[in-house]
Structures are given as structure tokens and as C-alpha cells.
Amino acid sequence: MHKRLAALLLAGVAAFTLQMPARATASDVDLDTRVHALSEQLRCLVCQNQTLADSNADLAVDLRRQIREQLRAGATEADVKDYLVQRYGDFVLYRPPVKPLTYLLWFGPALLLMAVVFGIVSSRKHQKATAAEMDPDAQALLTALLASSQPDDSRR
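Residues numbered from 1 in each chain as written. Predicted model: local features only at pLDDT ≥ 70, side-chain atom pairs only at ≥ 80, totals over all residues. Heavy atoms only, no water.

If you look the protein chain up in an unreviewed UniProt entry, it shows as Cytochrome c-type biogenesis protein from Ralstonia pickettii. Per UniProt, the comment on the protein chain under Sequence similarities (unreviewed entry) is "Belongs to the CcmH/CycL/Ccl2/NrfF family." Checking UniProt for the protein chain, the heading Function (unreviewed entry) contains the comment "Possible subunit of a heme lyase." (UniProt positions renumbered as here; feature names shortened; annotations may be inferred.)

Printed below as a string of C-alpha cells:
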């Protein structure tokens, strides 16, 4: 009976120790630091507003694993970035370079804002046509229409 209990206890301890992660070495910590720093510079292609480091999407996890493997194999950060840009385009970079292919990414929001401001300003100018700018016939017609659309106070 004691032998069975000891065997079960020993088996439980062995199973527990097999599941424990190995202690991290200094090189693993350096690798983790490099992977995290590089992941901060890359965009999650699923989330698009998060870095790879911040995202928990399956693709982001897979890309971080690929980055780790490439860095462990001796690739530089520039090599890894070049590989990802070739595979996914400049959009994978959180700060894509300014070049003709990325002008829309860099200047699109400013152009859109200027178009909206221009539209608002031009519509306000159009709406500011005053009664003094109207020809006399149009002004008389407007006055008559306004007078006929107001309720008659004498009926109350």
C-alpha cells in the first residue's frame, strides 16, 4: 500500500516537473527583448491599429514566432523587416517609409481633412446669400411666401 502511494506520488512529481518550463538563460532574455522591440515596430495585419507586440490575434502570434525563429537563426532586425515587407508590403511597418507608394498612407488623412474643411467653408459661403443680394422680384416672392406660411394670430 505504501509502495503504491509512493509510486503515485513519485509519478505526480515527475509529471509536474516535466511540465515546468526550463529556466530562461541570458541569451533567451536577450532574444525576448529583441523580439519585443522589433514587434513594437510592426503592425498587426489583422488588428491594424495595434503593433504585433500588443496583438493577441493568431497571425500576430505566428509572426512573433517567425521573428523569434529568424533572430535565433542569426538574422538581423533589418533582415526580418525586409522579409516581412516583401511578404506583406510596407503596410506591415508601423511607420512605413515616405515614398510614392506610401504617399496615400502619409498624406491621405491631411488631404481628407482639407477636403472636408473646404467643403464646409464653401457651403457656408453659399448659404450666406443675404436678402440684399437677391433681385427685387425674388425678394418680393420670398416675403410673400413667408407671410403666407405664418399662422394667422387673429384666429386665436
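J.: Sorry, what's going on with the overall build of the protein chain here?
T.: The helix and strand inventory of the protein chain stands at six helices and zero strands. Across the 156 residues that make up the protein chain, the buried fraction comes to 18%. Partitioning the contacts of the protein chain with sequence separation of at least 6, the portion at a separation of at least 24 is 43%. (Helix = DSSP H or I, 4+ residues; strand = E, 2+ residues; numbered from the N terminus. Buried < 20%, exposed > 50% of the residue type's maximum accessible area, 1.4 Å probe, protein only. Contact = heavy atoms within 4.5 Å.)

J.: How should I be thinking about a nonpolar patch on the surface in this particular structure?
T.: Judged by side-chain polarity, Phe91, Val98, Tyr103, Leu105, Trp106, Phe107, Leu111 and Met114 come together as a nonpolar surface patch covering roughly 790 Å² of accessible area. Following the sequence through the fold, tryptophan 106 ends up in helix H5 (residues 103-127). Under the relative-accessibility criterion, tryptophan 106 is labelled partly exposed at 39%. (Patch = residues over 30% accessible without salt bridge, like charges linked within 9 Å, V, L, I, M, F, W, Y side chains within 5 Å. Areas by Shrake-Rupley, 256 points an atom, 1.4 Å probe, with all protein chains shown as cover. Salt bridge = Lys/Arg side-chain N within 4 Å of Asp/Glu carboxyl O.)

J.: Looking at this model, I keep getting lost on helix H3 (residues 58-72). Mind explaining?
T.: In an α-helix there are 3.6 residues to a turn, and that puts residues three or four apart on one side. The end-to-end C-alpha separation of H3 is 21 Å, in line with the 21 Å expected for 15 residues at 1.5 Å each. Every buried residue of H3 is listed here: Ala60, Leu63, Arg64, Gln66, Ile67 and Leu71. Buried residues of H3, seen end-on, are gathered within an arc of 160° and therefore sit on one face of the element. Seen from the buried face of H3, the exposed residues on the opposite side, beyond 90 degrees, are Asp58 and Arg72. Phi turns positive one or two residues past the end of H3, at glycine 74, with a value near 110°. (Expected span 1.5 Å × (residues − 1). Arc of directions from axis to C-beta.)

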